[in-house]
Amino acid sequence: MNLQDAQKAVDEWINEHGVRYFNELTNMAQLTEEVGEVARIIARRYGEQSEKESDKNKDLGEELADVVFVVLCLANQTGVDLQKAFDKKLDLKSKRDHDRHHNNEKLK
């Protein structure tokens, strides 16, 4: 599934199950909440914080998918073609950063 298909699938889900999109500010707050859940898992599972028993069954993939879902909602409701924007960004980063990371002593 490409990003255009994902945007369409989310829009269909919203129209069938979600009644309507939350407004943009609500979705931005929801995105922040979902990113926080990802951060909690990363900090405890891969970082230095100890993982609470209640966090051990959290699925990182599911939480990342929540982030993607809300990003797709925001793209839909603000008229952003995320596939086009992503392709443009990847092209820009490829040109701009072609040698940057290879020449970064910190990454060697």
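Small disclaimer: the values here were computed from a predicted structure and weren't measured. (Residues numbered from 1 in each chain as written. Predicted model: local features only at pLDDT ≥ 70, side-chain atom pairs only at ≥ 80, totals over all residues. Heavy atoms only, no water.)

1. Re the pattern of salt bridges
For step 1, the next point in the chain: Under the counting rule described, the total for this entry stands at 10 salt bridges.
For step 2, the next point in the chain: A salt bridge links Arg-44 to Asp-55; the shortest N-O distance between them is 3.5 Å. Of this pair, Arg-44 sits in helix H2 (residues 24-45) while Asp-55 sits in the loop between H2 and helix H3 (60-78), placing them 11 residues apart in sequence. Taken individually, Arg-44 and Asp-55 each receive the classification buried, so the pair is uniform in this respect.
For step 3, the next point in the chain: When salt bridges that share partners are traced, they join Lys-93, Arg-96, Asp-97 and Arg-100 into one network. (Salt bridge = Lys/Arg side-chain N within 4 Å of Asp/Glu carboxyl O. Helix = DSSP H or I, 4+ residues; strand = E, 2+ residues; numbered from the N terminus. Buried < 20%, exposed > 50% of the residue type's maximum accessible area, 1.4 Å probe, protein only.)

2. What to know about the UniProt feature "domain: NTP pyrophosphohydrolase MazG-like" (unreviewed entry) in the protein chain
For step 1, the next point in the chain: UniProt annotation of "domain: NTP pyrophosphohydrolase MazG-like" (unreviewed entry) refers to residues 23-99 when read in the numbering used here.
For step 2, the next point in the chain: Taken end to end, residues 23-99 is 73% helix and 0% strand, and its two terminal C-alpha atoms sit 41 Å from one another. (UniProt positions renumbered as here; feature names shortened; annotations may be inferred.)

3. Some remarks on helix H1 (residues 3-18)
For step 1, the next point in the chain: If you check which residues of H1 are buried, you get Ala-6, Gln-7, Val-10 and Ile-14. Projected down its long axis, H1 shows its buried positions confined to an angular sector of 100°, all on one face. Structural note: H1 exposes Lys-8, Asn-15 and Glu-16 on the side pointing more than 90 degrees away from its buried face.
For step 2, the next point in the chain: The elements touched by buried residues of H1 are H3 and helix H4 (82-96). (Arc of directions from axis to C-beta. Contact = heavy atoms within 4.5 Å.)

4. Some words on unusual backbone geometry
For step 1, the next point in the chain: Even without a glycine there, the phi angle at Val-19 is positive, about 70°.
For step 2, the next point in the chain: Along the chain, Val-19 falls in the loop between H1 and H2.
For step 3, the next point in the chain: Among the residues examined, Val-19 registers a relative accessible area of 75% and is labelled exposed.

5. Remarks on the nonpolar core
For step 1, the next point in the chain: Judged by nonpolar contacts, Ala-6, Val-10, Ile-14, Tyr-21, Leu-72, Cys-73, Ala-75 and Leu-82 together constitute the single largest core of eight residues.
For step 2, the next point in the chain: Looking at this core, the elements with two or more residues in it are H1 and H3.
For step 3, the next point in the chain: Excluding residues within four positions of it along the chain, Cys-73 makes contact with Val-10, Ile-14, Tyr-21 and Asn-27.
For step 4, the next point in the chain: By size, the runner-up hydrophobic cluster in this structure holds seven residues, among which are Leu-31, Leu-60, Val-70 and Leu-74. (Core = buried A, V, L, I, M, F, W, Y, C linked by side-chain atoms within 4.5 Å.)

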